[in-house]
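# Descriptive analysis of the structure
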Amino acid sequence: MKKFLFNLGLVLLVILALLVWIRLPWIGVVALALLFALWLALSRSGRQAASVTVVGVSTIRQRAGSSSVIVIGIAGVVAVLVALLAMGEGLTATLASGGRSDTAIVLRGGAAAESASVLLRDDVLAVEQAPGVARDAAGKPAMSAELVVAASLKQKGSNEDANAQLRGVDAEAWALRPDLKIVQGRKFKPGLRELVVGQGAARQFAGLAVGDEVKLGTESWTVVGVFASGDAYDSELWADRQSVASAYRRGNSAESVLVKLTGTAAFDGFKAALMSDPKLKVETSTTADYFARQSAGLARTIRVVGLTVGVIMAIGAIFGALNCMFAAVASRAREIATLRAIGFRGVPVVVSVMLETMLLALAGGVLGALIVWLVFNGYTTSTLNGLTQVVFDFKVSPALMWSGLKWALAIGFIGGLFPAVRAARLPVTTALREL
Amino acid sequence: MKYLHLIWAALFRRKTRTLLTLVSIIAAFLLFGLLNSVRLAFSAGDSVDGAGRLIVNSRMSMQNPLPESLGARIATVPGVTAVASSNWFGGVYQDPRNQVVSFAVSQNYIDLYPEIVLPADQRAAWERTRTGAIVGAALAKKYGWKVGDKIPLQSTIFPSKASGNNTWTFDITGIFHAKSEQDAGREQLLLFHWKYFDENNAFGAGTVHWYVVKVADPAHADAVATTIDAISANSDHETKAQTEQAFQASFIKQLVNIGLIVVSIMGAVFFTLLLLTGNTMMQAVRERTSELAVLKTIGFSSRSVQVMVLAESVLLLLLGGLIGLAVVSLIVPGIGAASGGMIPVHGVSASTWVIGIALMLAIGVIVGWIPAWRAMRLNIVDALSGR
């Protein structure tokens, strides 16, 4: 009964420690490590713990096989976890960063994305008249009605078709997206069948170099330039709206209208005006909100998948570490019992076994994070967003690598605690008689 | 077999160690079962029933409509036995997040999909009802729909003439089931009449998003596809005909290379597992050196000692692996349901079991090989004297 209660207490302690650990910011971890180092150096039992740890660590080499199980097991967990989260982070960064708070997007009511929206010419004209729309000196509104179609193109390095997003834009579109820069060639000329392609699309699809002729729909188009924007637009092809509309028989309709507002504060008035117009059935949000919403679902899915896989792998790694440390404690049972017989207390023994496991775990965590960083940082891939491809880079940020290390240390903590307690509670007499 | 109790006893000689190792193995195979089920779910659709079906859509873009009149011309192509049509509807139920995969189809659409099973009386009722819709069993269960219900669906694309907004009303006249587990993804569908769609659609008329074409001989599918594409070549509605498998495969490949991700994760997991169980087995044999020597002394041959050690490691892997896969088959249906059809998994398929068991045997043998070899080469005198 007493043993059961003790173990129950230990499990509760572990859960409590994990909860605190998850919330602990890096400054807290550094403070904790400093306090621990001070205790090791200054107090009597701390110095005892340090010397016992040195003995334990020096025997790691004789247990290379089982020690490497801990290191590699934890490296695997950290690598997979960080890689999956880096994928999610990269995708979010690409999808969410295109927005601004002083630019609004107008879609048909109920439409969650551009591909599900249709705006007729009257709608576009009504948006133009709404209050809050920025105008240039000549009174021309800063807005662009846009048309998106999924165009079939051959992927590079394979003969397979994939969907690229072809966006037909008005002349003002460039001014509405100040982050978007032409990096090669020039902008398309209105009325001509000319394309400007995003740098992501140029990498992803075949035949999109400047000067190439490419067949989209029934027509042949000339690629005249490449642009860079660092967000989802990078995966698109841009052309004049009228040319796209005639090639894809879309008439005067558009899918969305992008509007530059006179300021961030103007959005509420703009929205209220559109909502109160009984002829209009549209929805509007700032582009910052719109892009954040676009990425939320996909990013959440990737995060959930990453964490699920990570947790299952971590459970496997914890039990692997437990196994190895129990074996290590068992093989050193006589040595530990001797230490206790000559007067070492329980705490230094517990601390030394824990410290040893956590050192191995730390090595595994660093190894895993480093591998992912070397292999995946900046690794480019693509996925479908709605119907069309979006190209994005993996983003192995320091924050992700840090959380990977925290996972590693947590696994080491659990994997070391139970063997450490076993070592400290072993009756000295039986341990000495063993073997 | 007669040594089974001996192997079993050896395996559980150190209960803690074996149990800890088992949990690691269970975790590894749990992950394998889950990931492989997801991978298979996304590559599903290459069923036998799918063979010989072509999907014909616009070459320009999947969203671009084709004229309805094209169907009759496709039907005249030699080798084509049936043509059905389908349109996107983009339905949502009550909340924009509750997407319902819904298509407006021609009446013969379900004839081309023998994997959909609809009772004959419900089929007749559907054909009689202009606003009739048939729904998959899984979808009906999710929203509690029954035959005879009148349900409103919002289309994210098409306004309805009758209501003046995006709300369309349907009468549920039938609930269909999938013929086999493999096609369970189809139970998420809602199908309704193209006629109702066309008459009540405020935009455009007489158009179809894609045709499903049944060919007489799947071996000639490519030739038929070329002929179909030739009908509309150089018109303003050029088509692209491809087999259903190719159509689905291109989608999945664009989504993400799931196969590659699964293989890399499992590679990392199994490499670690190999080290872990290998280490356990080495320890187990090292501890038992004297026991093995006794076995040899009383007449066990070197070979049978080797086989026993090997069998022990294979048994360990099988035990953990089978428990892991059993857990997967318990939780997978729950995951499929919780994801609302996003992850179309419904159970652990036979091929996952087969690959899993093959992996258990292979890892068991690899891991047990060195300890078993050591046990075989054991010199009785040295071992007993503890040298």
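Predicted model only: the values in this text are computed from it and were never measured.

Before going further, it helps to spend a moment on the overall build of chain A. On a plain count of helices and strands, chain A comes out with 14 helices and 12 strands. Relative to the compact-globule value of 22 Å for 435 residues, chain A shows a C-alpha radius of gyration of 31 Å, a clear excess of over 25%. Each principal axis of the C-alpha atoms in chain A carries an extent, and together these give about 95 × 50 × 35 Å. Taken over 435 residues, chain A has a buried fraction of 48%. Once local pairs closer than 6 in sequence are excluded, the contacts in chain A between residues at least 24 apart make up 84%.

With that settled, consider the overall build of chain B. Per the secondary structure count, chain B includes 13 helices and 13 strands. Per-residue burial for chain B yields a buried fraction of 44% across its 387 residues. If you take every contact in chain B between residues at least 6 apart in sequence, the share linking residues at least 24 apart comes to 80%.

Another aspect to go through is the pairing of strand S6 (residues 213-216) of chain A. Residue and element names in this part refer to chain A. Where burial is concerned, the two faces of S6 differ: the one with Val 214 and Leu 216 is buried and the one with Glu 213 and Lys 215 is not. Across four bridges, the pairing between S6 and strand S7 (residues 219-228) is antiparallel. In the strand pairing of S7, Leu 216 is matched with Glu 219. Linking S6 to S7, which pair antiparallel, is a turn of two residues; within it Gly 217 sits at a positive phi near 65°.

Another aspect to go through is the domain arrangement of chain A. All names here are of chain A. Along its sequence, chain A is organised into domain 1 (43-96 + 295-433) and domain 2 (110-280). Placing the centre of domain 1 and that of domain 2 at their C-alpha centroids yields a distance of 48 Å. In this assembly, 10 residues from domain 1 lie in contact with 15 residues from domain 2. Every element with two or more residues in the side of domain 1 that touches domain 2 is listed here: helix H4 (64-96), strand S11 (380-385) and strand S12 (388-393). Its residues assigned to classes, the side of domain 1 that touches domain 2 shows four nonpolar, six polar and no charged.

Residues and elements named next belong to chain B. When pLDDT is averaged along chain B, the result is 83; 89% of the residues meet or exceed 70. Here residues 45-49 scores under 50 on pLDDT; set against residues more than four positions off or in separate chains, the count is 10 contacts. We note a pTM of 0.75 for the whole complex and an ipTM of 0.73 for its interfaces.

The next thing to look at is helix H3 (residues 44-58) of chain A. Here H3 of chain A spans 22 Å end to end across 15 residues, near enough to the 21 Å set by a 1.5 Å rise per residue. Contacts made by the buried residues of H3 of chain A are with helix H2 (26-42), helix H11 (333-341) and helix H12 (346-376) of chain A.

With 40 residues of chain A in contact, the opposing surface of chain B contributes 38 residues. Counting residues per element, the side of chain A that touches chain B draws most heavily on helix H10 (residues 287-331) of chain A, which supplies 11 residues. In terms of residue class, the side of chain A that touches chain B is made up of 22 nonpolar, 15 polar and three charged.

Attention now goes to the nonpolar core. Grouped together as the largest cluster of nonpolar side chains are 176 residues, with contacts concentrated most on Val 82 and Ile 411 of chain A together with Leu 31 of chain B. Examining the composition of this core, we find that 21 residues originate from one element, H10 of chain A, more than from any other. Discounting residues that sit within four places of it in the chain, Ile 411 of chain A has contacts with Ile 74, Val 77, Ala 314, Ala 317, Ile 318, Ala 321 and Ala 361 of chain A. The next biggest cluster of nonpolar side chains, apart from the first, holds 54 residues, and it includes Val 92, Leu 112, Ala 178 and Trp 210 of chain B.

A few words on the domain arrangement of chain B. You can read the domains of chain B as domain 1 (4-44 + 257-384) and domain 2 (60-237). Inter-centroid distance (C-alpha atoms) of domain 1 of chain B to domain 2 of chain B is 47 Å.

Turning to the environment of Ala 17 of chain A, a few remarks are in order. Its location among the elements puts Ala 17 of chain A in helix H1 (residues 2-23). A sequence separation of 393 residues divides Ala 17 of chain A from Ala 410 of chain A, and the C-alpha atoms of the two residues are 9.0 Å apart.

As annotated in UniProt, the feature "transmembrane region" (unreviewed entry) corresponds to residues 5-21, 27-43, 64-87, 304-329, 349-376 and 396-418 of chain A in the numbering used here. A distance of 40 Å separates the end C-alpha atoms of residues 349-376 of chain A, which is 100% helix and 0% strand.

Residue and element names in this part refer to chain A. Between H4 and H10, the least distance of the axes is 9 Å, while the angle of their chain directions is 175°. With respect to their mutual orientation, H4 and H10 come out roughly antiparallel. Broken down by class, the residue content of the contact of H4 with H10 amounts to 26 nonpolar, 11 polar and one charged.

Considering the arrangement of structural elements, one finds Thr 429 of chain A in helix H14 (residues 428-433). In sequence terms Thr 429 of chain A and Pro 25 of chain A are 404 residues apart; their C-alpha atoms lie 44 Å from each other.

This part is about the pairing of strand S3 (residues 80-88) of chain B. Two elements, S3 of chain B and strand S12 (residues 210-215) of chain B, share six bridges in a ladder whose sense is antiparallel. Residue Ala 84 of chain B lies in a different strand from S12 of chain B, and its bridge partner there is Val 212 of chain B.

Right, let's talk about the packing of H12 of chain A against helix H13 (residues 398-425) of chain A for a bit. Residues and elements named next belong to chain A. Interaxial distance between H12 and H13 falls to 7 Å at its minimum, and their mutual angle equals 155°. Between H12 and H13, the angle is such that the two are roughly antiparallel. Crossing angle aside, the handedness with which H12 passes H13 is right-handed. Of the residues in the contact of H12 with H13, the class split is 22 nonpolar, nine polar and no charged.

Moving on to the environment of Lys 154 of chain A. Residue and element names in this part refer to chain A. Position of Lys 154 relative to the elements: it lies in strand S2 (residues 143-154). Judged by local crowding, Lys 154 falls into the partly exposed class, with 15 C-beta atoms found within 10 Å. Counting along the chain gives 52 residues from Lys 154 to Ala 206, while the straight-line C-alpha distance between them is 5.8 Å.

What counts and how
Residues numbered from 1 in each chain as written. Chains lettered and ligands numbered in written order. Predicted model: local features only at pLDDT ≥ 70, side-chain atom pairs only at ≥ 80, totals over all residues. Helix = DSSP H or I, 4+ residues; strand = E, 2+ residues; numbered from the N terminus. Rg over C-alpha atoms; globule rule 2.2 N^0.38 Å. Buried ≥ 20, exposed ≤ 12 C-beta atoms within 10 Å, placed from the backbone. Contact = placed C-beta atoms within 7 Å. Pairing = 2+ DSSP bridges. Domains from an automatic or database assignment. Nonpolar A, V, L, I, M, F, W, Y, C, P; charged D, E, K, R; others polar. pLDDT = per-residue confidence, 0-100. Expected span 1.5 Å × (residues − 1). Core = buried A, V, L, I, M, F, W, Y, C linked by C-beta atoms within 7 Å. UniProt positions renumbered as here; feature names shortened; annotations may be inferred. Axes fitted to C-alpha atoms, helices over the stretch in contact; angles between N-to-C directions. Parallel < 35°, antiparallel > 145°, perpendicular 65-115°, else oblique. Left-handed = near helix turned anticlockwise from the far one by under 90°.

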